Amino acid sequence: MEERLLRNNLQLIKSVKDRAGVNIILAFKAFALWKSFPIIREYIDESTASSVNEARLAYEEMGSPAHTYAPSYSDADFPTFLEYSSHITFNSLSQFERFYPQILTYGKKIQCGLRINPEFSVVKTDLYNPSAPGSRLGVTHKLIGEKLPKGVTGLHLHNLCENNSYDLEKTLEVVEKKFGHLFDDIHWLNLGGGHLMTEEDYDIEHLIALLKALKERYPHLEIIMEPGSAFAWQTGVLVATVNDIVENNNVKTAMLDVSFACHMPDCLEMPYKPRIRGAYQDPVAGKPTYRMGGSSCLSGDFMGDWSFDEPLKVGDRIVFEDMIHYTIVKTTMFNGVSHPSIGLWSMDNEFELYRQFDYADYKNRMS
Ligand SMILES: Cc1ncc(COP(=O)(O)O)c(C=O)c1O
């Protein structure tokens, strides 16, 4: 990860926060590289958690209690969430009823939220669409009815994924229509993540105008946004090395020391084809063309094809672009494949190795 690129994103996010008068917090599920939190904390103070581990990381490494939302809470975990959270949002009315008594009697004040499901989304990929028909995420307006249960101080929605401010505008129209009658009874509204405000074409001025107008309509509401990807968008790469080149039926595959299944699972799940620095994104007739083969034994652990100006050879570097958000939090050790080392290129152009993984990391996960 490059500190300069991270700081560029942070500056932009902080300027939106300040100019629009909203609170923007970091969603750990997209990015939790805690050794970089001293940099992050220069710009923003808070973070979200979707598990007890993330909540504890917020408390210990961001230095502030978490805005917590998890799809469900268990009796065993709930006391830990209480300890590390400033906000706890429930996914259902039944979970709220079950756990609210504990919030009420807990020693410190915790804001209690309910996740709503607007049953509207612009997200095309079902895997990332929280409002797909039958979705388990959030409560519909029909289920809530006319009044919120006593004790709910905020509403939370998450409906976007790598979207722009015009998509947010459409979402807000639906949300206000379906849930606006409840806004008098709450103090805060969390607009979730998926706001890709650090993307080149994002219309920042439109976003700020939209947020300011929202605040004018509901001046008593604290508006919170919890993007993840936007923080680490285009801040770094995954560097691979070619270990071998194999050929079968005219298909050439560069066998890498990284894996799509273990290190870049979003490429297979979404799916999307990552960019490789210096390569042609689509095959070019007459140029050396290769699949990229992952290091696990999964047959489908490959993607392709990319073309290059020169034939690849063993030892060449393959640099996958934009591999910080979601890539690092999602890595697995399937096949015993190790996680890639993680480090920071500082503003002084020095490399700081954050973490290198070894046999103990693999072994300790197994039993
Ligand atoms: C509830 C919630 N908040 C925030 C986020 C972060 O979204 P993004 O990284 O797309 O900004 C997610 C992503 O899944 C989410 O589910």
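Structure first, text after, so check above.
Caption draft 1: View of the packing of helix α7 (residues 165-179) against helix α8 (residues 204-217). Contact geometry for α7 and α8: axes closest at 9 Å, N-to-C directions at 20°. Accordingly, the angle class assigned to the pair α7 and α8 is roughly parallel. Handedness of the crossing formed by α7 with α8: left-handed. Taking contact as the criterion, the partners of S165, Y166, L168, E169, L172 and E176 in α7 are, on α8, H206, L207, L210, L214 and R217. Class assignment of the residues belonging to the contact of α7 with α8 gives a composition of six nonpolar, two polar and three charged.

Caption draft 2: Here's a closer look at the site of the ligand. Taken together, 14 residues are adjacent to the ligand, and G194, E226, G228, S229 and Y326 come closest. Taking K29, its side chain carries an N or O atom lying 3.5 Å from an oxygen atom of the ligand. At a separation of 2.9 Å, an oxygen atom of the ligand approaches a polar backbone atom of S229.

Caption draft 3: Geometry of the pattern of salt bridges. By the definition in use, this model includes 17 salt bridges. Measuring nitrogen to oxygen at the nearest pair gives 2.8 Å for the salt bridge that ties E205 to R19. With E205 in helix α8 and R19 in helix α1 (residues 3-20), this residue pair connects regions lying 186 residues apart in the sequence. Its relative accessible area of 46% is what places E205 among the partly exposed residues. Across the salt bridge formed by E321 and R277, the nearest N and O atoms sit 2.8 Å from each other. Here E321 is found in the loop between β14 (317-320) and α12 (327-330), whereas its partner R277 is found in the loop between α11 (265-269) and β12 (289-293), with 44 residues between them in sequence. Classification of E321 by relative accessible area gives buried; the value is 16%. Connected through salt bridges with shared partners, the residues E3, R7 and E42 form a single ionic network.

Caption draft 4: The arrangement of the sheet that holds strand β9 (residues 222-225) in detail. Across the sheet, which stays open at both edges, the nine strands sit in the order β1-β9-β8-β7-β6-β5-β4-β3-β2 with parallel pairing between neighbours. The sheet is open, and its two edges are formed by β1 (23-24) and β2 (26-27), each paired on a single side. Two elements, strand β7 (residues 154-156) and strand β8 (residues 188-190), share three bridges in a ladder whose sense is parallel. When the sheet's bridge partners are listed, L155 is paired in β8 with L189. Helix-sheet contacts for helix α3 (residues 52-62) involve β3 (47-49) and β4 (66-69), and the interaxial angle to β3 is about 150°.

Caption draft 5: Fine view of α7. The end-to-end C-alpha distance of α7, which contains 15 residues, comes to 20 Å, matching closely the 21 Å that a straight helix rising 1.5 Å per residue would cover. Where α7 is concerned, the buried positions are S165, D167, L168, T171, L172, V174, V175, E176 and F179. Buried-residue contacts for α7 involve α6 (141-144), α8 and β9. For α7, the capping residue at the N-terminal end is N164, with a side-chain oxygen 3.0 Å from the backbone nitrogen of Y166.

Caption draft 6: Helix α5 (residues 93-105), seen in detail. Its 13 residues give α5 an end-to-end C-alpha distance of 19 Å, which sits within 8% of 18 Å, the value for a rise of 1.5 Å per residue. In the structure, α5 departs most strongly from a straight axis at F99, where the bend amounts to approximately 45° and where the proline P101 lies between one and four residues downstream. The inward-facing, buried residues of α5 abut α4 (78-84), β5 (85-90) and β6 (111-115).

How each quantity is defined
- Residues numbered from 1 in each chain as written.
- Predicted model: local features only at pLDDT ≥ 70, side-chain atom pairs only at ≥ 80, totals over all residues.
- Heavy atoms only, no water.
- Axes fitted to C-alpha atoms, helices over the stretch in contact; angles between N-to-C directions.
- Helix = DSSP H or I, 4+ residues; strand = E, 2+ residues; numbered from the N terminus.
- Parallel < 35°, antiparallel > 145°, perpendicular 65-115°, else oblique.
- Left-handed = near helix turned anticlockwise from the far one by under 90°.
- Contact = heavy atoms within 4.5 Å.
- Nonpolar A, V, L, I, M, F, W, Y, C, P; charged D, E, K, R; others polar.
- Near = heavy atom within 4 Å.
- Polar contact = N/O pair within 3.5 Å; in protein donor to acceptor, adjacent residues only side chain to side chain.
- Salt bridge = Lys/Arg side-chain N within 4 Å of Asp/Glu carboxyl O.
- Buried < 20%, exposed > 50% of the residue type's maximum accessible area, 1.4 Å probe, protein only.
- Pairing = 2+ DSSP bridges.
- Expected span 1.5 Å × (residues − 1).
- Bend = angle between axes of the 7 residues up to and from the residue.

Scope: geometric values only; no functional claims are made or implied.
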